[in-house]
Amino acid sequence: MARRKKIYEGKAKILYEGPEPGTIVQYFKDDATAFNAQKKDVIEGKGVLNNRLSEFFMTGLNQIGVPTHFLKRLNMREQLVRSCEIIPLEVIVRNYAAGTMSQRLGIDEGTQLPRPIVEYCYKDDNLGDPLVTEEHIAAFGWASQQDMDDIVSLALRVNDFLSGVMMAVGIRLVDFKIEIGRVYDGDFMRLIVADEISPDSCRLWDIETGEKLDKDVFRRDLGNLADAYTEVARRLGVMPMNAQPVTKPTLIN
Ligand code: TYD
């Protein structure tokens, strides 16, 4: 059997050449990183959970007409996606203050924002993904004004969808990050939601207790990350059925 060609290896995923032109296989690793990879660990089962959760969110988005790169899940850790040209921006939508916004502006974490706020960070690990404005994006040609209008509209539709899905299972969507890709259909270029949507790239708080069910559990040493992600998957009804147990069984005696 021919060896698959690895296209790219990132912090949490590996991309391989797909079976047909224009497709990519996205493999979810168990590696967790935070603070620009200064903090690292392997969280058994995280890749399996994020593969399922990203499938769940992307499929839902496709069904309501928000285009995404997701084609189908292949196995426990891999999904087939459409290859696209990633715009070098982390598009962040915030409903409540947290993380860097709280630090920058001195707003208590959990404060509801007057309306969803969209922010952009330039994707460059060496620079620590700096916050940029639409002026930078236009001036450096990362995206056009038309692209920016489409990106805001996609980001807000993803926000409405995710907020609703999460609220239905007692979870507050505090903020999240998406990445956007370009695909070409003949003479036309379209923007689609790419990368992943998972608790690695969202802040999710239990509505009743405020318990964190996202990567902050790892960033801030608040407990077991796989347990938190399993809880999100359980509430959404997307438990990996024939998966290896995510937490190791406890041996009695
Ligand atoms: P933010 O508060 O800006 O940064 P941090 O996660 O370092 O505190 O992040 C806002 C949301 O976007 C949060 O849910 C994490 C997510 N995010 C990523 O997943 N990757 C990124 O590179 C950035 C900048 C944010």
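Since the model is a prediction, treat every value here as computed from it, not as a measurement.

Draft legend 1. Region of the structure containing the overall build of the protein chain. Each helix and strand counted, the protein chain has six helices and 14 strands in total. The C-alpha radius of gyration of the protein chain comes to 18 Å, within 12% of the 18 Å expected for a compact globule of 253 residues. With respect to the principal axes defined by its C-alpha atoms, the protein chain has extents near 65 × 55 × 35 Å. The buried share of the protein chain, taken over its 253 residues, is 49%. Once local pairs closer than 6 in sequence are excluded, the contacts in the protein chain between residues at least 24 apart make up 57%. For the protein chain, the computed accessible surface area is about 13300 Å², with 52% contributed by carbon and sulfur atoms. Treating the 32 positive side-chain charges of the protein chain as one cloud and the 38 negative ones as another, the clouds have centres 4 Å apart.

Draft legend 2. Spatial organisation of a negative patch on the surface. A grouping of Glu134, Glu135, Asp149 and Asp150 is seen on the molecular surface, where their side chains present a negatively charged patch. In this structure Asp149 comes out as partly exposed when scored by relative accessible area, which is 43%.

Draft legend 3. Molecular detail of the environment of Arg77. Secondary-structure assignment places Arg77 in the loop between strand E6 (70-73) and strand E7 (78-82). Apart from the residues lying within four places of it in its own chain, the contact partners of Arg77 are Gln26, Tyr27, Phe28, Lys29, Asp30, Gly45, Gly47, Val48 and Asn51. A distance of 2.9 Å separates the side chain of Arg77 from the side chain of Asp30, its partner in a polar contact.

Draft legend 4. Structural detail: the packing of aromatic side chains. Inspection of the entire model under this criterion finds three aromatic pairs. Ring geometry for Phe56 versus Phe57: centroids 5.5 Å apart, planes at 70°, classification edge-to-face. With relative accessibility at 28%, the residue Phe56 sits in the partly exposed group. Measuring from ring centre to ring centre gives 4.1 Å for Tyr122 and Trp142, while their planes differ by 10°; the resulting arrangement is stacked. Placement of the pair is Tyr122 in strand E10 (residues 112-122) and Trp142 in the loop between helix H3 (134-139) and helix H4 (145-167), with a sequence separation of 20 residues. For the pair formed by Tyr122 and Trp142, the shared burial category is buried. Taken together through their ring pairs, the aromatic side chains of Tyr122, Phe140 and Trp142 make up a single cluster. Between Arg4 and the ring centre of Tyr16, over which it is positioned, the NZ or CZ distance is 4.1 Å.

Draft legend 5. Quick peek at the site of the ligand. In the vicinity of the ligand, 15 residues are found, and the nearest of them are Arg94, Thr100, Asp175, Arg203 and Arg219. Thr100 is positioned with one of its side-chain polar atoms (N or O) 2.5 Å from an oxygen atom of the ligand. Between the ligand and Arg219 there is a distance of 3.2 Å, counted from an oxygen atom to a side-chain nitrogen or oxygen. Elements supplying a minimum of two residues to the shell around the ligand: strand E9 (89-96), helix H2 (99-105), strand E12 (171-185) and strand E14 (202-206).

Draft legend 6. Just the nonpolar core, in detail. Counting residues in each nonpolar core, the largest one holds 51 residues, and the members touching the most others are Val158, Ile178, Ile197 and Leu236. Element by element, the count of residues in this core is highest for H4, at nine residues.

Draft legend 7. View of unusual backbone geometry. Of note, the phi angle at Ala37 is positive, near 70°, even though the residue is not glycine. Relative to the assigned elements, Ala37 resides in the loop between strand E4 (31-34) and strand E5 (39-42). If you check the backbone angles, Asp129 has positive phi at about 45° while not being a glycine. Residue placement: Asp129 occurs in the loop between E10 and strand E11 (131-132).

Draft legend 8. Region of the structure containing H4. Compared with an ideal rise of 1.5 Å per residue, which puts 23 residues at 33 Å, H4 spans 33 Å between its outermost C-alpha atoms and is within 8% of the ideal. The set of residues buried in H4 consists of Asp147, Met148, Ile151, Leu154, Ala155, Val158, Asn159, Phe161, Leu162, Ser163, Val165 and Met166.

Draft legend 9. Spotlight on the pairing of strand E3 (residues 23-28). Most of E3 is tucked away, with five of its six residues classed as buried. Bridging between strand E2 (residues 13-17) and E3 involves five bridges; their strand directions are antiparallel. Residue pairing in the sheet places Ile14 in a bridge with Tyr27 of E3. Linkage of E2 to E3, two consecutive antiparallel strands, is achieved through a turn of five residues, within which Gly22 is found at a positive phi near 85°. Pairing analysis gives five bridges linking E3 to E7, with the strands arranged antiparallel. In the strand pairing of E7, Gln26 is matched with Gln79.

About the criteria used
- Residues numbered from 1 in each chain as written.
- Predicted model: local features only at pLDDT ≥ 70, side-chain atom pairs only at ≥ 80, totals over all residues.
- Heavy atoms only, no water.
- Helix = DSSP H or I, 4+ residues; strand = E, 2+ residues; numbered from the N terminus.
- Rg over C-alpha atoms; globule rule 2.2 N^0.38 Å.
- Buried < 20%, exposed > 50% of the residue type's maximum accessible area, 1.4 Å probe, protein only.
- Contact = heavy atoms within 4.5 Å.
- Areas by Shrake-Rupley, 256 points an atom, 1.4 Å probe, with all protein chains shown as cover.
- Lys, Arg positive; Asp, Glu negative; His and termini not counted.
- Charge placed at Lys NZ, Arg CZ, Asp CG, Glu CD.
- Patch = residues over 30% accessible without salt bridge, like charges linked within 9 Å, V, L, I, M, F, W, Y side chains within 5 Å.
- Salt bridge = Lys/Arg side-chain N within 4 Å of Asp/Glu carboxyl O.
- Polar contact = N/O pair within 3.5 Å; in protein donor to acceptor, adjacent residues only side chain to side chain.
- Phe/Tyr/Trp six-rings, centres within 6.5 Å; stacked < 30°, edge-to-face > 60°.
- Lys NZ or Arg CZ within 6 Å of the ring centre and 35° of its normal.
- Near = heavy atom within 4 Å.
- Core = buried A, V, L, I, M, F, W, Y, C linked by side-chain atoms within 4.5 Å.
- Expected span 1.5 Å × (residues − 1).
- Pairing = 2+ DSSP bridges.

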